[in-house]
Amino acid sequence: PPLAPQGVQPPELNANISNAAPAAANNGARLMEVVSPQPYERDGKFVGFQLTPGSNVAMFTQYGLQSGDIVTAINGTQLDSPATAMQLMQGAATTSQVNLTITRNGQEINLPINLQ
């Protein structure tokens with residue numbers, strides 16, 4: 001399926017967030033305010049999402065993220081396809097903490113993020 005343009009959530013993600021508990025919807029909305037993920041491929045293979053700040057740049061920085069970070073795993077699960085990534089991002093919207101594995105300047109970093 002085609003990927004959503006920058007800043008636009010796919011309809012299934014919108015539906016899951018709006019049908020979830022209010023706290024989960026707030027987490028999902030907060031996450032989308034903080035980051036703008038773009039699919040990232042290396043050697044023609046999907047490896048994750050490259051991050052740029054969303055509308056809440058201060059929170060992006062507070063979470064320890066940097067523009068250009070590439071999220072390669074969420075809560076220990078590798079992002080091996082856009083579909084897997086979407087499922088994991090939907091799950092992250094319903095939790096108070098998410099653990100990201102990111103690649104920054106060629107180094108792998110584990111970054112816990114508290115969404116409360």
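Preceding this paragraph is the structure being described.
Residues numbered from 1 in each chain as written. Predicted model: local features only at pLDDT ≥ 70, side-chain atom pairs only at ≥ 80, totals over all residues. Heavy atoms only, no water.

Asks: Before we go on, may I ask you to explain the pairing of strand 5 (residues 97–104) in this structure?
Replies: It is a general feature of regular strands that their side chains alternate between the two faces of the sheet. A large share of strand 5 lies buried, amounting to six of its eight residues. Alignment of strand 3 (residues 70–74) against strand 5, held across four bridges, turns out to be antiparallel. The partner of Ile 74 across the bridge, within strand 5, is Leu 100. (Buried < 20%, exposed > 50% of the residue type's maximum accessible area, 1.4 Å probe, protein only. Helix = DSSP H or I, 4+ residues; strand = E, 2+ residues; numbered from the N terminus. Pairing = 2+ DSSP bridges.)

Asks: Hey, could you run me through the pattern of salt bridges in this one?
Replies: Where charged atoms from two side chains of opposite charge approach closely, those side chains can pair. Tallied over the entire structure, the rule returns one salt bridge. Ionic pairing is found between Asp 69 and Arg 104, a salt bridge with its closest N-O pair at 2.8 Å. Within this pair, whereas Asp 69 is found in the loop between helix 3 (57–62) and strand 3, its partner Arg 104 is found in strand 5, the two being separated by 35 residues in sequence. Classification of Asp 69 as buried rests on a relative accessible area of 1%. A residue is classified by how much of its surface remains accessible, and Arg 104, at 15% relative accessible area, is buried. (Salt bridge = Lys/Arg side-chain N within 4 Å of Asp/Glu carboxyl O.)

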